[in-house]
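# Architecture at a glance
What follows is the residue order along each chain.
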Amino acid sequence: MPRDTALPIQHACEGAWQAHELPAAIASEFGHHFLLALPEGYSADPQRAWPLVVFLHGRGEWGDDLARVRSQGVGALIDGGVKLPAIVVAPQTPENQMWQPAFVDAVMRCVQANCRVDASRVYLTGLSMGAMGSLALAATFPDRFAAIAPIAGGFPNDGMSRFYNVPLGALDAWQAALAALRGVPVWVAHGDADDIVPIEFSQRVESVLQAVGADVRCVWMPGVGHDSWTATYRDTPEFWRWLFAQQRTDASRSATADAAAWAGRYRGEGGVSGELTAEGDRLRVRWQPSGIGDLLLPAQGDCFVGTMLLRFSRDAHGRVVELPGLGALRDVAT
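Reading the values: rules and limits
Residues numbered from 1 in each chain as written. Predicted model: local features only at pLDDT ≥ 70, side-chain atom pairs only at ≥ 80, totals over all residues. Heavy atoms only, no water. Helix = DSSP H or I, 4+ residues; strand = E, 2+ residues; numbered from the N terminus. Expected span 1.5 Å × (residues − 1). Buried < 20%, exposed > 50% of the residue type's maximum accessible area, 1.4 Å probe, protein only. Axes fitted to C-alpha atoms, helices over the stretch in contact; angles between N-to-C directions. Parallel < 35°, antiparallel > 145°, perpendicular 65-115°, else oblique. Contact = heavy atoms within 4.5 Å. Nonpolar A, V, L, I, M, F, W, Y, C, P; charged D, E, K, R; others polar. Pairing = 2+ DSSP bridges. Core = buried A, V, L, I, M, F, W, Y, C linked by side-chain atoms within 4.5 Å. Phe/Tyr/Trp six-rings, centres within 6.5 Å; stacked < 30°, edge-to-face > 60°. Lys NZ or Arg CZ within 6 Å of the ring centre and 35° of its normal.

For the rest of this paragraph, the subject is helix α3 (residues 129-140). For α3, with 12 residues, the first-to-last C-alpha span of 17 Å sits near the 16 Å given by 1.5 Å per residue. Most of α3 sits inside the fold, with 12 of its 12 residues counted as buried. Residues Met-129, Gly-130, Ala-131, Met-132, Gly-133, Ser-134, Leu-135, Ala-136, Leu-137, Ala-138, Ala-139 and Thr-140 constitute the buried set of α3.

Put into structure tokens, the structure is as follows:
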């Protein structure tokens, strides 16, 4: 499909996956293609708006082959013939890249501009790394979702802490970032025999969500390993009844962090540094010596979220940026 045109929704096949790319007008540097499935009956009533399910895959499905996305979770569910009464979109993040909220935002805006989406019934779910991505997305766009369902996941910072084999960080930053989820229904599921992502990660999510006043429901699965998504998506009809029963009524959002106030150069231990530049309400960061870049979207409580969460603060010595579980860096001007 040419990248400077709208999606050819009128030619999409109801009830089956179709591959699409982001149009040039909203192209993202963090990904470009996604799967889209329209519900049966979509063409019958051109005035009807439908729920939207946003599905984020796990690490095993990243890359540039959309067939991978169809191998697990909601991807496999629809490939297996299950017909959900909703528009379903499944982006694919490039290999070696954790979920970037700016990319998912671009995909959602594309679908909502081209499909008849009921904005009060937008649902977000993901498995493993996709569950971590769903929490990052919820922190940056808490007013968009009627319900969230992270399966076999945790916070992305916890995933990075495990990767680097360092202690998990305090949860106060995530509590600040997710404060706007008060009252939002959340379904958390995890197997207690998971040796890939420990159940402790989802238990930490539970504690944060309870603290901010989210309507959280946790399903702990005895003897189940990492694949708790099959038991959730395929084998638990109650999950889908619960999901589609939710409706967003409060789209209010409190003030978010100010990018310009935190732009600058920061340095931490071991020669690690970060150059942060404001781009409107967002912060672009380049980490050294790794050279890895990220685009951070504003959340609540002086937090910004990209592939990970960062929290900014000031003390008697100046500005500080904390990466919960991974350390802190100080403004080099102080």
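Let us now look at the packing of helix α2 (residues 101-114) against α3. Following both chains from N to C, one finds α2 and α3 inclined at 75 degrees, their axes separated by 9 Å at the closest point. Taken as axis vectors, α2 and α3 run roughly perpendicular relative to one another. Counted together, Pro-101, Val-104 and Met-108 of α2 and Ala-136, Leu-137 and Thr-140 of α3 form the full contact between these two elements. Broken down by class, the residue content of the contact of α2 with α3 amounts to 5 nonpolar, 1 polar and no charged.

Relative to strand β10 (residues 273-279), strand β9 (residues 264-267) runs antiparallel, the two sharing 4 bridges. Across the sheet, the residue bridging to Arg-265 is Glu-275, located in β10. Between β9 and the antiparallel strand that follows it, β10, lie 5 residues; Gly-270 among them carries a positive phi value of about 70 degrees. Here 7 bridges tie β10 to strand β11 (residues 282-288), and the two strands are oriented antiparallel to one another. Residue pairing across strands places Leu-276 opposite Val-285, the latter belonging to β11.

The terminal C-alpha atoms of helix α6 (residues 199-212) lie 20 Å apart, and with 14 residues this matches the ideal 20 Å at 1.5 Å per residue to within 8%. What α6 keeps buried is the set Ile-199, Phe-201, Ser-202, Arg-204, Val-205, Glu-206, Val-208, Leu-209 and Val-212. Taken from the residues just after α6, Gly-213 is the one with a positive phi, measuring 90 degrees.

Formed by 75 residues in total, the largest nonpolar core has its most connected members in Val-54, Ile-87, Val-111 and Phe-312. Looking at this core element by element, the count peaks at 8 residues for α2. Excluding its chain neighbours within four sequence positions, the residues that come into contact with Val-111 are Phe-34, Leu-36, Leu-52, Ile-87, Val-89 and Val-117. Within the second largest apolar cluster, 31 residues are counted, among which are Ile-151, Trp-229, Trp-242 and Phe-244.

What follows covers the sheet that holds strand β8 (residues 215-221). The strand order β1-β2-β4-β3-β5-β6-β7-β8 describes an open sheet built from 8 strands, whose pairing is mixed. Looking at strand neighbours, the two that pair on one side only are β1 (17-21) and β8, the edges of this open sheet. Each strand of the sheet is rotated relative to its neighbour by a mean of 20 degrees, with strand direction disregarded. Both strand β6 (residues 147-151) and strand β7 (residues 185-191) contribute to a ladder of 2 bridges, which runs parallel. Bridge pairing in β7 places Ile-148 opposite Val-186. Across the face of the sheet, α6 comes into contact with β7 and β8 while running at roughly 160 degrees to β7.

The tally for this structure, following the rule as stated, stands at 15 aromatic pairs. Plain terms: the ring middles of Phe-163 and Tyr-164 are 5.0 Å apart, the flat faces sit at 85 degrees to each other, and that makes the pair edge-to-face. The exposure class of Phe-163 is exposed, given its relative accessible area of 57%. The class of Tyr-164 is partly exposed, set by a relative accessible area of 49%. For the ring pair Tyr-233 and Phe-239, a centre distance of 5.8 Å and an interplane angle of 65 degrees mean the geometry is edge-to-face. The same class applies to Tyr-233 and to Phe-239, which are both buried. By the ring-pair criterion, three or more aromatic residues cluster together here, those being Phe-55, Tyr-123, Trp-187, Tyr-233, Phe-239, Trp-240, Trp-242 and Phe-244. Between the NZ or CZ atom of Arg-48 and the centre of the ring of Trp-50, over which it lies, the distance is 3.6 Å.

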